[in-house]
Amino acid sequence: MPKPKPKKKPTKSPGRKRPAPVSPKPRSAAGPVLALLSRNILFSGVNPKIIRSVVAGAHVRRFAAGDIIFDESSRGREMYCLTRGRVRINKYTKFGVESLLGVLHEGDFFGELSVVDGMPRSARAEAMDECSAVLLSQQEIRRLTKESNEFTFNLLTNMAVRLRTMDQTFIDRKSVV
């Protein structure tokens, strides 16, 4: 039986490198931002075309754990749609005691009051973990409320739930005193 021929080892030419593998075209951030916004409670039932129009001008910000996203009484020009992590919303009493108003998770939003009423921030927002959020400007929120009944209804419904929760918390605290 004949012996199999030994395989030749490829020879390298000095100074010549193998060509780099062809990498796929870089994807724009629009795809991931679109997916993240589509999962946000504000955009539930909103026409995908309207969501895509938001993505075109959207900015994503990242925060480290412990970062102050905004402070009470600061000027609010944008709303945040939380896409990753947790955010603590708290307020300080006139005696300097911290009061926790809520903990928000991926899919929630915050900062809407200042965008809606033009007043300074009513509370502090602090990143509990590494967080990221899509920022929506006041002009963008106004445009969305004009163009999408679903967006407007989602915003109002969630604000009403938060108000009812605060009412109940206030009543529960008062009944203890």
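Please refer to the structure higher up on the page.
This report concerns the structure included in the present document. (Residues numbered from 1 in each chain as written. Predicted model: local features only at pLDDT ≥ 70, side-chain atom pairs only at ≥ 80, totals over all residues. Heavy atoms only, no water.)

**Structural notes on helix H4 (residues 138-147)**
Here's step 1: Here H4 has its buried residues at Glu-140, Ile-141 and Leu-144. All buried residues of H4 lie within an arc of 100° about the axis, which places them on one face of the element. The outward face of H4, more than 90 degrees from its buried face, is lined by the exposed residues Gln-139 and Lys-146. (Buried < 20%, exposed > 50% of the residue type's maximum accessible area, 1.4 Å probe, protein only. Helix = DSSP H or I, 4+ residues; strand = E, 2+ residues; numbered from the N terminus. Arc of directions from axis to C-beta.)

**Focus: the pattern of salt bridges**
Here's step 1: Within the structure shown, the criterion is met by nine salt bridges.
Here's step 2: The shortest N-O distance in the salt bridge between Glu-72 and Lys-91 comes to 2.8 Å. A residue pair is termed long-range when its members are at least 10 positions apart, and Glu-72 in the loop between strand E2 (68-70) and strand E3 (78-84) and Lys-91 in strand E4 (residues 87-92) qualify at 19 residues.
Here's step 3: Given a relative accessible area of 23%, Glu-72 falls into the partly exposed group.
Here's step 4: It is possible to trace a salt-bridge network through shared partners that takes in Glu-140, Arg-143 and Glu-147. (Salt bridge = Lys/Arg side-chain N within 4 Å of Asp/Glu carboxyl O.)

**Details of the side chain of Ser-132**
Here's step 1: Within the element layout of this structure, Ser-132 appears in strand E8 (residues 131-137).
Here's step 2: Given the relative accessible area of 7%, Ser-132 is considered buried.
Here's step 3: Of note is the side chain of Ser-132, whose polar atom sits 2.8 Å from the side chain of Thr-83.
Here's step 4: The residues touching Ser-132, leaving out its near neighbours within four places in the chain, are Val-60, Arg-61, Arg-62, Cys-81, Leu-82, Thr-83 and Arg-84. (Polar contact = N/O pair within 3.5 Å; in protein donor to acceptor, adjacent residues only side chain to side chain. Contact = heavy atoms within 4.5 Å.)

**Remarks on the packing of aromatic side chains**
Here's step 1: The tally for this structure, following the rule as stated, stands at five aromatic pairs.
Here's step 2: Both rings, one in Phe-70 and one in Tyr-80, keep their centres 5.7 Å apart while their planes meet at 40°; by these two values the pair is tilted. Here Phe-70, found in strand E2, pairs with Tyr-80, found in strand E3; they are 10 residues apart in sequence, far enough to count as distant. Note on accessibility: Phe-70 and Tyr-80 belong to one class, buried.
Here's step 3: Note that Arg-121 overlies the ring of Phe-70, its terminal NZ or CZ placed 4.0 Å from the centroid.
Here's step 4: The ring of Phe-109 carries the charged tip of Arg-162 above its face, separated from the ring centre by 4.3 Å. (Phe/Tyr/Trp six-rings, centres within 6.5 Å; stacked < 30°, edge-to-face > 60°. Lys NZ or Arg CZ within 6 Å of the ring centre and 35° of its normal.)

**Section: the sheet that holds strand E6 (residues 109-110)**
Here's step 1: Within the open sheet, the four strands sit side by side as E1-E8-E3-E6. Their pairing is antiparallel. At either margin of the open sheet sits one strand with a lone partner, and together these are strand E1 (59-63) and E6.
Here's step 2: Bridging between E3 and E6 involves two bridges; their strand directions are antiparallel. Along E6, the bridge assignment pairs Cys-81 with Phe-109.
Here's step 3: In this fold H4 packs onto E3 and E8, with an angle of close to 70° to the strand it touches most, E8. (Pairing = 2+ DSSP bridges. Axes fitted to C-alpha atoms, helices over the stretch in contact; angles between N-to-C directions.)

**Brief notes about the sheet that holds strand E5 (residues 98-104)**
Here's step 1: Strand order in the open sheet made by the four strands is E2-E7-E4-E5, with antiparallel pairing throughout. The open sheet has two edge strands with one neighbour each: E2 and E5. The mean angle between the axes of side-by-side strands here comes to 30°, regardless of whether they run parallel or antiparallel.

**Notes on the nonpolar core**
Here's step 1: Among the nonpolar cores identified, the biggest contains 21 residues, and Leu-37, Leu-42, Phe-43, Met-79, Leu-136 and Phe-151 are the most heavily contacted of them.
Here's step 2: For this core, the secondary-structure elements that each account for two or more residues are helix H1 (30-38), helix H2 (48-56), E3, E8, H4 and helix H5 (149-176).
Here's step 3: With four residues, the top contributor of residues to this core is H2.
Here's step 4: Counting 15 residues, the second-largest nonpolar core is a separate cluster that includes Ala-125, Ala-127, Cys-131 and Leu-135. (Core = buried A, V, L, I, M, F, W, Y, C linked by side-chain atoms within 4.5 Å.)

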